[in-house]
Amino acid sequence: MSTDPNCVFCKIAAGQIPANKVHEDDELLVFHDIHPWAPVHVLVIPKRHVASLAEVGPEHEALLGRMMALAPRLMRDLGVTNGFRVVVNTGPDGGQEVYHLHMHVMGGPRPWARG
Ligand code: 5GP
Ligand code: ZN
């Protein structure tokens, strides 16, 4: 599996940095964002290192499908009943801070801290 020793999300996936996990399977990990924008704010990541959505190609289609398809189930399980937002910040102008592909999934009653 592809990992980057300097990548914070690879370290979370490897259990080297703690995270508040909500889902784990063979390919994906989901944990609560350390600085939530919304009452419920989780990050869906592939366990293998993919730097950004800009790096994605046809070989990642199934992975991306799994990430997206997981969102409604996660929100249901976390008690979100009134809609949610899915965001993938990509590259410098996209506001990406962590260069390991991740999908923000945010929900819960407004107002939110951001977003
Ligand atoms: P980006 O701007 O790259 O889309 O968002 C990165 C997100 O990762 C931010 O919302 C930030 O709060 C979150 N984050 C960064 N480092 C950590 C960490 O060590 N643990 C957790 N749980 N979230 C993190
Ligand atoms: Zn990584």
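**Q** Explanation requested: the overall build of the chain in the structure shown.
**A** When its secondary structure is counted, the chain shows two helices and five strands. When the helices and strands of the chain are read in sequence order from the N terminus, they spell out α-β-β-β-α-β-β. For a compact globule of 115 residues, the expected C-alpha radius of gyration is about 13 Å, and the chain comes in at 14 Å, within 12% of that figure. Judged by the C-alpha coordinates and their principal axes, the chain covers about 35 × 30 × 30 Å. When each of the 115 residues of the chain is scored for burial, the buried share is 38%. Here the contacts in the chain between residues at least 6 apart in sequence split such that 56% fall between residues at least 24 apart. Accessible area of the chain: about 6,500 Å², with a carbon and sulfur share of 52%. Within the chain, the 12 negative side-chain charges are centred at a point lying 7 Å from the centre of the 10 positive side-chain charges.

**Q** For this particular structure, what's the right way to read the site of ligand 1?
**A** Around ligand 1 there are 16 residues in total, and Asp 33, Glu 97, Val 98, His 102 and His 104 lie nearest to it. Asn 89 is positioned such that a nitrogen or oxygen atom in its side chain is 2.9 Å from an oxygen atom of ligand 1. Val 98 has a polar backbone atom sitting 2.9 Å from an oxygen atom of ligand 1. Burial of ligand 1 by the protein amounts to 86% of the accessible area it has alone, namely 520 Å². The cavity that encloses ligand 1 is the largest pocket. Put simply, the parts of the chain that give the shell around ligand 1 at least two residues each are helix H1 (8–13) and strand E2 (28–32).

**Q** Is there a simple way to think about the pairing of E2 in this case?
**A** Taken residue by residue, a regular strand's side chains alternate between the two faces of the sheet. In terms of residue burial, E2 counts as a mostly covered element, since four of its five residues are buried. As defined by bridge partners, strand E1 (residues 21–24) adjoins E2 across three bridges and the pair is classed as antiparallel. Bridged to Glu 24 within E2 is Leu 29. Here E1 hands over to E2 after three residues, the two strands then running antiparallel side by side.

**Q** Can you help me understand a nonpolar patch on the surface in this one?
**A** There is a patch of nonpolar side chains on the surface, built from Met 68, Phe 84 and Val 86 and spanning about 250 Å² of accessible area. Along the chain, Met 68 turns up in helix H2 (residues 61–77). Taking relative accessible area as the criterion, Met 68 reaches 48% and is therefore assigned partly exposed.

Here is what the cut-offs are and how they apply
Residues numbered from 1 in each chain as written. Chains lettered and ligands numbered in written order. Predicted model: local features only at pLDDT ≥ 70, side-chain atom pairs only at ≥ 80, totals over all residues. Heavy atoms only, no water. Helix = DSSP H or I, 4+ residues; strand = E, 2+ residues; numbered from the N terminus. Rg over C-alpha atoms; globule rule 2.2 N^0.38 Å. Buried < 20%, exposed > 50% of the residue type's maximum accessible area, 1.4 Å probe, protein only. Contact = heavy atoms within 4.5 Å. Areas by Shrake-Rupley, 256 points an atom, 1.4 Å probe, with all protein chains shown as cover. Lys, Arg positive; Asp, Glu negative; His and termini not counted. Charge placed at Lys NZ, Arg CZ, Asp CG, Glu CD. Near = heavy atom within 4 Å. Polar contact = N/O pair within 3.5 Å; in protein donor to acceptor, adjacent residues only side chain to side chain. 1 Å grid on protein atoms, 1.4 Å probe; cavity = no way out; pocket = protein on both sides within 12 Å on 5 of 7 lines; lining within 4 Å. Sits in = over half its atoms within 2 Å of the grid points. Pairing = 2+ DSSP bridges. Patch = residues over 30% accessible without salt bridge, like charges linked within 9 Å, V, L, I, M, F, W, Y side chains within 5 Å. Salt bridge = Lys/Arg side-chain N within 4 Å of Asp/Glu carboxyl O.

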